[in-house]
Amino acid sequence: MFESINKVYLMTDLDGTLLTSEKKISNTDFKAIERFRKNGGKFAFATGRTLQSAMQYIEELNIDSPVIMYNGACIYDPVSGKILYSHALQHDAYDFTMEIFNAFPEVGAEILTPDGTYIIKCNSYEKEHAAYCSDPIYCNIDEVPKGQWLKVLFAMSPSDIERLKEYTEKRNFKGVTFVRSENIFYEMLPYGVSKGSALNEYRRIEKDKNITFAAAGDYNNDLELVINADFGAAPSNAVDCVKKAADYVMKASCDEGAIAELISVIESKVKKMEVL
């Protein structure tokens, strides 16, 4: 592990990890990523965002490696402009979503597809989130293209999200996976899909068994990414379960250059291996 910087891929979450609380990339992190890539390292990110929402960061960082999108339901190559892998929800997801609407009339919700974000039920939490979406489409659930649902995001207060979590666990819906992606967000994904499962798909795409994957994340939806990486890390602002699973917990938060700190750790490990 870490024999050469040319064999290291750094895969980081966006919100709460690479991005500051103002949804920006700090100058400290930007310069560190630039240095890491200049020296031969590969950099990409794994996010719950849509392609449209994440494109500004792809362009800002000039990403030339595939990125994991939709919390693992899709891998997109920004160089070719092609989707290399995707896993959509099955038709039962429609019935499950409608059941949740009936059980929780106050819930906000959006459906994410390769074409964009469809806001099908709006509350104050969903309205706030929509501000970060790129040209969201407001419509009825029946107007969303079938067979292309990569995930369904539900938005409510933290206490209500906890009730929704308890409800889905008791119902034990078949063929889907649920994950909490923020304290006000709860997501329905295809069964077994996570950023970690997408990382394993990523390994198969790369076909190089000597690659070392370092990954960083801060929330529950990053847990499988951190676990499945060769070297998992968490910023200081990460939730406890991610910190416990990580090989390294940064002293810095997402607002303090956590990714720059991680890159320095990786560079130090590579130098030690080169001396041996």
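In the block above lies the structure referred to throughout.
What this report covers is the structure whose coordinates are included nearby. Just so it is clear, the model here is predicted, and its values are computed rather than measured.

**Comments concerning the side chain of D13**
On the secondary structure map, D13 appears in the loop between β1 (8-12) and α1 (27-38). In this structure D13 comes out as buried when scored by relative accessible area, which is 4%. With residues near it in sequence (within four places) discarded, D13 still touches L18, A46, K195, A216, G217, D218 and D222.

**With respect to the packing of helix α3 (residues 92-103) against helix α5 (residues 158-171)**
Running from amino to carboxyl end, α3 crosses α5 at an angle of 130 degrees, the nearest separation of the two axes being 12 Å. The angle between the axes of α3 and α5 places the two elements in the oblique class. When the axes of α3 and α5 are compared, the crossing they make is right-handed. Where α3 abuts α5, its residues E99, I100 and A103 lie against L164, Y167, T168 and R171. For the contact of α3 with α5, the residue count by class is four nonpolar, one polar and two charged.

**So, α5**
With 14 residues, α5 should reach 20 Å at 1.5 Å per residue; the first-to-last C-alpha distance of 20 Å fits that figure. Along α5, the positions that sit buried rather than exposed are D160, I161, L164 and T168. Buried residues of α5, viewed axially, fall in a sector of 100 degrees; they line one side. Buried residues along α5 sit in contact with α3, β9 (151-155), β10 (176-182) and β11 (185-190). Of the residues one or two after α5, N172 is the one with positive phi, at around 50 degrees.

Definitions and limits used
Residues numbered from 1 in each chain as written. Predicted model: local features only at pLDDT ≥ 70, side-chain atom pairs only at ≥ 80, totals over all residues. Heavy atoms only, no water. Helix = DSSP H or I, 4+ residues; strand = E, 2+ residues; numbered from the N terminus. Buried < 20%, exposed > 50% of the residue type's maximum accessible area, 1.4 Å probe, protein only. Contact = heavy atoms within 4.5 Å. Axes fitted to C-alpha atoms, helices over the stretch in contact; angles between N-to-C directions. Parallel < 35°, antiparallel > 145°, perpendicular 65-115°, else oblique. Left-handed = near helix turned anticlockwise from the far one by under 90°. Nonpolar A, V, L, I, M, F, W, Y, C, P; charged D, E, K, R; others polar. Expected span 1.5 Å × (residues − 1). Arc of directions from axis to C-beta.

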